[in-house]
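Take a look at the letters that make up each chain.
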Amino acid sequence: MTGAITTLFGIGHLRPAPGTWASLAAIPLAYGLHLLGGFWLLLTATLAVTALGWWATGVETRGAEDHDPSEIVIDEVAGQWVALWPVSFGAMFAEVDMLRLWPGLIAAFVVFRLFDILKPGPVGWADRMQGPTGVMLDDLVAGWMAALVVAVLAAVAHLALI
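On a predicted model such as this, the values are computed, not experimentally measured, just so you know. Along each chain, residues carry numbers from 1 onward, in the same order as the chain's sequence is written. Residue-level local features of this predicted model are given only where pLDDT is at least 70; pairs of side-chain atoms are given and counted only at 80 or more, and the full residue set underlies all totals for whole chains, interfaces and linings. Hydrogen atoms and water are omitted, and side-chain values are computed over all heavy atoms in the structure.

Draft legend 1. Region of the structure containing the overall build of the protein. Secondary structure elements follow DSSP: runs of H or I no shorter than four residues count as helices, runs of E no shorter than two count as strands, and numbering proceeds from the N terminus. Each helix and strand in the protein was counted, giving six helices and zero strands. Helices and strands appear in the protein in the N-to-C order α-α-α-α-α-α. Over its C-alpha atoms the protein spans a radius of gyration of 15 Å, differing by no more than 12% from the 15 Å that the globule rule assigns to 162 residues. In terms of overall dimensions, the protein has C-alpha extents of about 55 × 35 × 25 Å along its principal axes. Summary of the burial criterion: residues with accessible area below 20% of their type's maximum are buried, those above 50% are exposed, and those between are partly exposed, where the area comes from a 1.4 Å probe applied to protein chains only. By the burial criterion, 46% of the 162 residues in the protein qualify as buried. When the accessible surface of the protein is split by element, carbon and sulfur atoms take 74% of a total near 8,300 Å². Note on method: radius of gyration uses C-alpha positions; expected globular size equals 2.2 Å times residues raised to 0.38. Surface accessibility follows the Shrake-Rupley procedure with a 1.4 Å probe radius. Residue values consider only the protein chains on display as shielding.

Given below as structure tokens:
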């Protein structure tokens, strides 16, 4: 069960770039959650997946030499969902379909992947932590940083239209 959770039911075994595959898979999952319950369901699901991922990653990596194997991708799902929060919130606030904010979806994906791969500043700091904390936290920090970029880009785009 923990293996299915950490690999997002096998997506973590896709090659190359399993983290990118998982981030891509996270987008339609987030959209489905948004359709079912708006931003608040996506927020709740992100918190639940984070807690579940933290636990499952701890179980899967206990005693392992590699504390962050590439097939563990539940952290990418949690981080990608955080990066999508401004898009979901904006769609809910504007009462439009989340897909109408497609530039935000693309920006959230691209910026999250860049932060996750390059590990600038606080993302790298979190990545250096041991155990499931390091596995999960670097992607959550990358998600928060990406969410900030998406929110700023949305504000700039909005101002440009005024």
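Draft legend 2. Quick peek at the packing of helix α3 (residues 74–94) against helix α4 (residues 102–118). Contact geometry for α3 and α4: axes closest at 9 Å, N-to-C directions at 140°. Between α3 and α4, the angle falls in the class oblique. The interaxial crossing formed by α3 with α4 has right-handed handedness. Residue-level inspection shows E76, G79, Q80, A83, L84 and V87 of α3 in contact with α4, the latter providing G104, L105, A108, F109, F112, R113 and D116. Think of it as three bins: nonpolar holds Ala, Val, Leu, Ile, Met, Phe, Trp, Tyr, Cys and Pro, charged holds Asp, Glu, Lys and Arg, and polar takes everything else, Gly as well. Across the contact of α3 with α4, the residue classes tally to seven nonpolar, three polar and three charged. Helix axes are fitted only over the stretch in contact, all axes being lines through C-alpha atoms; the angle between N-to-C directions runs from 0 to 180 degrees. Geometric relationships in this document are graded by angle, where less than 35 degrees denotes roughly parallel, more than 145 denotes roughly antiparallel, 65 to 115 denotes roughly perpendicular, and other angles denote oblique. Crossing chirality is assigned from the near helix's rotation relative to the far helix, an anticlockwise turn below a right angle marking it left-handed and a clockwise turn marking it right-handed. Two residues qualify as a contact provided that any one of their heavy atoms is within 4.5 Å of a heavy atom in the partner residue.

Draft legend 3. Just the pattern of salt bridges, in detail. Salt bridges are counted wherever a side-chain nitrogen of Lys or Arg sits within 4 Å of a carboxyl oxygen of Asp or Glu. Counted according to the given criterion, the structure contains three salt bridges. Two residues, D138 and K119, come together in a salt bridge whose shortest N-O distance is 2.9 Å. Residue D138 is located in helix α6 (residues 131–161), and its partner K119 is located in the loop between α4 and α5 (122–127); the two are separated by 19 residues in the primary sequence. Residue classification places K119 among the partly exposed positions, given a relative accessible area of 24%.

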